[in-house]
Amino acid sequence: MEELDGEPVVTSIPGVNSKKKQMCFDWGPGEMLVCETSFSKQGKSETVPGCPFIFIIRKDIDVYSQILRKLFNESHGIFVGLQRMEEDLTGKSRKAQLVRVSKNYRSVIRACMEEMHQVAIAAKDPASGHQFSSQISILSAMELIWNLCEILFIEVAPAGPLLLHLLDWVRLHVCEVDSLLADVLGSESPSRHESFWKLVTILVLQGRLDEARQMLSKEADASPTSAGMCRTLGDLMRTMPILSPGNTQTLTELELKWQHWHEECERHLQDGTFAPSPHLESLCKIMLGDEAALLEQKELLSNWYHFLVTRLLYSHPTVKPIDLHFYAQSSLDLFLGGESSPEPLDNILMAAFEFDIHQVIKECSIALSNWWFVAHLTDLLDHCKLLQSHNLYFGSNMREFLLLEYASGLFAHHSLWQLGVDYFDHCPELGRVSLEMHIERIPLSTEQKALKVLRICEQRQMTEQVRSICKILAMKAVRNNRLGSALSWSIRAKDAAFATLVSDRFLRDYCERGCFSDLDLIDNLGPAMMLSDRLTFLGKYREFHRLYGDKRFVDAASLLLSLMTSQIAPRSFWMTLLTDALPLLEQKQVIFSADQTYELLRCLEDLTSGRPAHGEPDPLQLQDDDIETTKVEMLRLSLARNLARAIVKEGSLEGS
Amino acid sequence: MEEIYAKFVSQKISKTRWRPVPSGSLQTAETFATGSWDNEENYVSLWSIGDLGNLDSDGGFEGDHQLLCGSRHYGDVMDLQFFDQERIVAASSTGCVTVFLHHPNNQTLTACQQWATAHYHTGPGSPSWSCAPCTGVVCNNPEIVTVGEDGRINLFRVDHKEAVRTIDNADSSTLHAVTFLRTPEILTVNSIGQLKIWDFRQQGNEPSQILSLTGDRVPLHCVDRHPNQQHVVATGGQDGMLSIWDVRQGTMPVSLLKAHEAEMWEVHFHPSNPDHLFTCSEDGSLWHWDASTDVPEKSSLFHQGGRNSTFLSHSISNQASVHQSLISSWLSTDPAKDRIEITSLLPNRTLSVNSLDVLGPCLVCGTDAEAIYVTRQLFS
């Protein structure tokens, strides 16, 4: 066992007094049941009633957020698309695909954030507004981490482009500047706006030098005294060498040019070019990467990773990925200045800068309130072939472990279970058994829902589950007196025993009512009739009725006889069958041949000779026996007469 | 067909229906209703796809559909039909049938009529009683016909508290869908692959005609009747097959077309352009079947860059003229197979597409992935 990574969180349950009473619990697949027992702490049983409730404890509460449902659903599509991604894609095209997938995930997070933002604004009571804004900050942290991971692990940007990506990253997440920009530009004289210099500083800090230059030219227009200085600084901004995506210059060239530019800035500062204007001078210092000057702008930088990126931009523009962690660590230390300790988010980002993927995922698992983030990020990184060496000390690898956790959370949800199926599908080791365990617990409220669950099971050849679902539905139908439905379900499940049971019900109903119900089904059984002997009998017996109804007496008679001689008909039903033979025996023309009549007689004798062996006579039975005896006598008479007629007829036919 | 808008709505959508446009008006569809299922709280909701003329310059929400109003619905919404412009009939898994009234003035949706126990099971011991899901509903002002898992058919009139006519045990298995054939005849499909025609003029519990698939009794899930040729009927089955039937003759389908890989949940003829048919399925696909004649230009139209407008008008006029001569394009069995052109409308497969509806150039569908897709350029 590894040691714990932190104190486990205590969840207090309202109404349960764990100090006084002992508690009991049971694990479910995604949740836990907790209730008070009647035992007190000392182990004595008390009769005083405690808390009368059983509590369901769920760990993945984010699953229950209405807005996050969109995140789950939309990212499900991306996830499935990623799993289907061509394995044979290699090199550049594969990387481009993976980056696109990563961006898709991020845009879903951002869409959720935006919606959450709107809801938070519209929220009427402060409590829910607060809840929404805390979720927004979680989402935004998720996006921030994901974006950094995308740059470092998926894009794997080399020195040079790396910094451009990091700049984009910071610009995307420190975005108050845009509203400020609009505000300042919208005012009558922008350079007189109270936040003018703040704005220019932020623009410079974010490396948006073109915009900063435009702002400076506004200042130059407004105050002729500083126009010259503004122009000089503007020129410095314009001439700063940067790597542009389409440019073919080498890193060495860039470094050389940058060195020259840097020296020029330094010269201007030493010459005191900007000395008359403290604002311009501090801008120049920032552009020189002066740490003290940068730290003065702590407020505007707002966090250490912004500080890091600005510092890199103006002092190490061609930083190599391998050196990042060194600058990151020192930036963090400088920025916090020993005043506060790093927060979980800082640790996660730092781990990313150190290229320690496992640490990133571990910290995220601890810090975030849902499995969505780690499950999807880990899966994506796994597709980048970054995690293969890592196996956990239990069960499966990390990717699978996290996906299983996430999918179990989905299955615990009333409606999101359908999403979970695809996640289980892509867990090679334990996915199948988990799915089997969870799918059986889905309540089957309507047949339509049952059909959807069935389809899931059938597609995966989960025969055991298919049988059990069909059986549940068949049982339900029997309880509701829907024999036709019950029979179709047991046919679908190929459940012979249950088909026999339902067939018996049909036959019993027939004996009671004298007519069949659900003819539309029984007449159309087709090959399914072979499922069980009783069902075959039911179908054939119905066929006999149809033949009889169509006045095809000869066919009907031989079918009836064969039902008994082939032993398909249950013994208990023979009397009914023999009684059915009566009208055929009484027809004007001879239907049963002599041989057939002998067979019938033997059946009747079989039946009557076996009879007295069992049963104590009671008054009701005696009365029944009376009817029975009459029936038997009538049958014997009819059979005898038929035999006589048949012998005569057959004899005369042969003679002629 | 590139303009298809998706919106995630945080509820699994079981049904989507366009509000009918007043006959004779030139309006295009702009409001649709949805029903949800398998949520802890289910809703019937009305959505507006807004004004096409009001293109947002930001490119923001111009194609998005916005929620107008909704109403809580007890149980899953199993089926949904517009009764008229204002009223919607919803079938519930609790066996209840509810008529909702839309008040456009203050954008609210309220239940105005309800048959609480339209469908129910009677247990083996007679007094015991439990609700049975109502699986299908069809309206023809003022009549409403409902079918359910209990195999019962109910005929309601919107202004009557009690059912006008009930056929108990009309079917031994579950009835999955119902549609009007020609008044007063209805058509039902059931879970053992049968198509039954019922005539309300006849007394008794027997259908006037039974048509069925051969042998294997594959359940049928949906049915739609050709809008102009009332004897042509399309059904979709559990195996994803599309069957075309001519109810005037024979008891077997005229043609069986291999379609989806899983249950076909809905099939719809285009109401004004019935050579086009739309199907959706559990396998997450939505298909457009085009049985109009083989216009050679059409293949170029379906190319991504079909921007040539002369092609467009040409092929449309062509379609219109050909339409007259091809009265039964769905019934001519063998050649039809070559002629039918199938397009998949959804960009990538998701979870089950449970429902779709077409009206004019507009299509709406809803999925288990909690998304509603809308397009307003079906034939472009």
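Rules used in this analysis
Residues numbered from 1 in each chain as written. Chains lettered and ligands numbered in written order. Predicted model: local features only at pLDDT ≥ 70, side-chain atom pairs only at ≥ 80, totals over all residues. Heavy atoms only, no water. Pairing = 2+ DSSP bridges. Helix = DSSP H or I, 4+ residues; strand = E, 2+ residues; numbered from the N terminus. Axes fitted to C-alpha atoms, helices over the stretch in contact; angles between N-to-C directions. Domains from an automatic or database assignment. Contact = heavy atoms within 4.5 Å. Buried area = accessible area lost by both parts, 1.4 Å probe. Salt bridge = Lys/Arg side-chain N within 4 Å of Asp/Glu carboxyl O. Polar contact = N/O pair within 3.5 Å; in protein donor to acceptor, adjacent residues only side chain to side chain. Nonpolar A, V, L, I, M, F, W, Y, C, P; charged D, E, K, R; others polar. Buried < 20%, exposed > 50% of the residue type's maximum accessible area, 1.4 Å probe, protein only. pLDDT = per-residue confidence, 0-100. Phe/Tyr/Trp six-rings, centres within 6.5 Å; stacked < 30°, edge-to-face > 60°. Parallel < 35°, antiparallel > 145°, perpendicular 65-115°, else oblique. Left-handed = near helix turned anticlockwise from the far one by under 90°.

## Brief notes about the sheet that holds strand E8 (residues 97-103) of chain B
All names here are of chain B.
Reasoning step 1: Strand order in the open sheet made by the 4 strands is E6-E7-E8-E9, with antiparallel pairing throughout. Because the sheet does not close on itself, it has two edges, and the strands there are strand E6 (77-82) and strand E9 (108-115). Averaged over all pairs of adjacent strands, the angle between their axes in this sheet comes to 25°, without regard to strand direction.
Reasoning step 2: In terms of strand pairing, strand E7 (residues 87-92) meets E8 through 5 bridges, oriented antiparallel. For alanine 90, the partnering residue across the bridge sits in E8 and is threonine 98.

## Quick look at unusual backbone geometry
Reasoning step 1: Residue proline 142 of chain B is reached from asparagine 141 of chain B by a cis peptide bond, and omega for that bond is 5°.
Reasoning step 2: Backbone geometry at lysine 551 of chain A places phi at a positive 60°, although glycine is not the residue there.
Reasoning step 3: Note that lysine 551 of chain A resides in the loop between helix H26 (533-549) and helix H27 (553-565).

## Here we look at the domain arrangement of chain A
Residue and element names in this part refer to chain A.
Reasoning step 1: By the assigned domains, chain A splits into domain 1 (22-59), domain 2 (169-319), domain 3 (443-542) and domain 4 (551-609 + 620-655).
Reasoning step 2: The partner domain 4 presents 9 residues to the 8 residues of domain 3 that form the contact.
Reasoning step 3: Note on domain 3 versus domain 4: buried area summed over both sides is about 770 Å², and carbon and sulfur give 81% of it.
Reasoning step 4: Area buried by domain 3 at its contact with domain 4 is led by Phe537, Lys540 and Tyr541, which between them contribute 62% of it.
Reasoning step 5: Taken together, the connections running from domain 3 to domain 4 amount to 0 salt bridges.
Reasoning step 6: Remark: the boundary between domain 3 and domain 4 carries 1 residue pair in polar contact (both at pLDDT 80 or more).
Reasoning step 7: Of all elements in the fold, only helix H24 (496-513) and H26 reach the threshold of two or more residues within the side of domain 3 that touches domain 4.
Reasoning step 8: A per-class count over the side of domain 3 that touches domain 4 returns 5 nonpolar, no polar and 3 charged.

## What about the pairing of strand E12 (residues 134-140) of chain B?
All names here are of chain B.
Reasoning step 1: Summarising burial for E12: 6 of the 7 residues are buried, a large majority.
Reasoning step 2: Summarising the sheet, E12 and strand E13 (residues 143-148) pair through 6 bridges and their orientation is antiparallel. Bridging across to E13, valine 137 finds its partner in threonine 146.
Reasoning step 3: Connecting the antiparallel pair E12 and E13 is a turn made up of 2 residues.

## A few points about the confidence of the model for chain B
Residues and elements named next belong to chain B.
Reasoning step 1: Confidence along chain B averages 82 in pLDDT terms, with 82% of residues attaining 70 or more.
Reasoning step 2: Predicted confidence for residues 52-61 stays below pLDDT 50, and this span has 5 contacts to residues more than four positions away or in other chains.
Reasoning step 3: A low-confidence stretch, residues 295-326 (pLDDT under 50), is modelled with 25 contacts involving residues beyond four sequence positions or located in other chains.
Reasoning step 4: In the model output, the complex is listed with pTM 0.86 alongside ipTM 0.87.

## Thoughts on the interface of chain A and chain B
Reasoning step 1: Taken together, the contact between chain A and chain B spans 39 residues of the former and 45 residues of the latter.
Reasoning step 2: Linking chain A to chain B there are 5 salt bridges.
Reasoning step 3: For the salt bridge of aspartate 368 of chain B with lysine 452 of chain A, the shortest nitrogen-to-oxygen distance reads 2.8 Å.
Reasoning step 4: At the junction of chain A with chain B, the criterion picks out 33 residue pairs in polar contact (both at pLDDT 80 or more).
Reasoning step 5: If you list the elements that add at least two residues to the side of chain A that touches chain B, you get helix H1 (66-83), helix H19 (417-425), helix H21 (447-459), helix H22 (463-479), helix H23 (483-492) and helix H25 (519-522) of chain A.
Reasoning step 6: The element contributing the most residues to the side of chain A that touches chain B is H1 of chain A, with 7 residues.
Reasoning step 7: Of the residues contributing to the side of chain A that touches chain B, the split by class is 10 nonpolar, 15 polar and 14 charged.

## Structural notes on the environment of serine 107 of chain A
Reasoning step 1: Its location among the elements puts serine 107 of chain A in helix H2 (residues 91-122).
Reasoning step 2: The sequence separation of serine 107 of chain A and methionine 575 of chain A amounts to 468 residues, and the corresponding C-alpha distance is 75 Å.

## Overview of the packing of aromatic side chains
Residues and elements named next belong to chain A.
Reasoning step 1: Using the criterion set out here, one finds 29 aromatic pairs over all chains in the structure.
Reasoning step 2: For the pair phenylalanine 326 and tyrosine 327, a centre-to-centre distance of 5.1 Å together with 65° between the ring planes defines the contact as edge-to-face.
Reasoning step 3: Pairing phenylalanine 411 with phenylalanine 424 gives two aromatic rings, centres 5.5 Å apart and planes at 35°, and the pair type is tilted. Taken as a pair, phenylalanine 411 in helix H18 (residues 398-412) and phenylalanine 424 in helix H19 lie far apart in primary sequence, 13 residues in all. We note that phenylalanine 411, like phenylalanine 424, is buried.
Reasoning step 4: Ring pairs connect the aromatic residues Tyr510, Phe537, Tyr541, Phe544, Tyr548, Phe553 and Phe573, which therefore count as one cluster.

## Quick notes on the packing of H26 of chain A against helix H28 (residues 574-585) of chain A
Residue and element names in this part refer to chain A.
Reasoning step 1: Packing of H26 against H28 leaves a shortest axis separation of 12 Å and a crossing angle of 15°. Judged on the interaxial angle alone, H28 and H26 are roughly parallel. In this structure, H26 crosses over H28, and the sense of that crossing is left-handed. Taken together, the residues of H28 that come into contact with H26 (itself represented by Phe537, Tyr541, Phe544, His545 and Tyr548) are Thr576, Leu577, Asp580, Pro583 and Leu584.

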